[in-house]
Amino acid sequence: MKQAIMQAIENFCSTILYVPLENGKSIGKQFYGAAIALIENDIEHIWYLFFKKDTLNIIAQNLLCEDHLCEDDLDDLLKEISNQIIGSAKVILETTYPHCKYQLSVPEFMGNVPTPFPIKLQESLVYKIKNRTFVIGR
């Protein structure tokens, strides 16, 4: 599943945002978060997506030709990003493992999330676009 998530993140950045993806190391502080479940054969895997506000502004510039979004717009944008990335991973998994059953939940906006994250992540992926950080984990 992790490989499918990684491939979906790369696809999102290269084919939708047209920005290079870099591996990140340090994550910094304040993030906006969303949670979405990817269900595999009735087993729920909750994925958390944490984006710095600057990172969301870069994405908003690319997708919406806008930046400095209000809280409601950040909510919508982060849920859409969650659907795009985790939904793409779902399609990758369905193609790779056609004998398995996959479903997505509706993403939930978590609002402003401090670090350390209030959720203990089993595994996480730290990335940067245009030197701005985001973290995806479960």
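Residues numbered from 1 in each chain as written. Predicted model: local features only at pLDDT ≥ 70, side-chain atom pairs only at ≥ 80, totals over all residues. Heavy atoms only, no water.

Caption draft 1: Focus on a negative patch on the surface. There is a patch of like negative charges on the surface, built from Glu66, Asp67, Glu71, Asp72, Asp73 and Asp76. With respect to the secondary-structure elements, Glu66 resides in the loop between helix 2 (53-64) and helix 3 (71-96). (Patch = residues over 30% accessible without salt bridge, like charges linked within 9 Å, V, L, I, M, F, W, Y side chains within 5 Å. Areas by Shrake-Rupley, 256 points an atom, 1.4 Å probe, with all protein chains shown as cover. Salt bridge = Lys/Arg side-chain N within 4 Å of Asp/Glu carboxyl O. Lys, Arg positive; Asp, Glu negative; His and termini not counted. Charge placed at Lys NZ, Arg CZ, Asp CG, Glu CD. Helix = DSSP H or I, 4+ residues; strand = E, 2+ residues; numbered from the N terminus.)

Caption draft 2: Just the pattern of salt bridges, in detail. What the rule picks out here adds up to five salt bridges. Lys79 is the partner of Asp75 in a salt bridge, and the nearest nitrogen-oxygen pair spans 3.0 Å. Here the residue Asp75 and the residue Lys79 both occupy positions in helix 3, the gap between them amounting to four residues, near one helical turn. Under the relative-accessibility criterion, Asp75 is labelled buried at 18%. Classification of Lys79 by relative accessible area gives partly exposed; the value is 26%. (Buried < 20%, exposed > 50% of the residue type's maximum accessible area, 1.4 Å probe, protein only.)

Caption draft 3: Structural context of the environment of Phe117. Following the sequence through the fold, Phe117 ends up in the loop between strand 5 (108-113) and strand 6 (124-129). You can call Phe117 buried: its relative accessible area is 16%. Setting aside chain neighbours within four positions, we find Phe117 in contact with Ile27, Phe31, Phe50 and Val135. (Contact = heavy atoms within 4.5 Å.)

Caption draft 4: Just a nonpolar patch on the surface, in detail. Residues Ile16, Leu63 and Leu64 make up a contiguous nonpolar surface patch of roughly 230 Å² in combined accessible area. With respect to the helices and strands, Ile16 occurs in helix 1 (residues 2-17).

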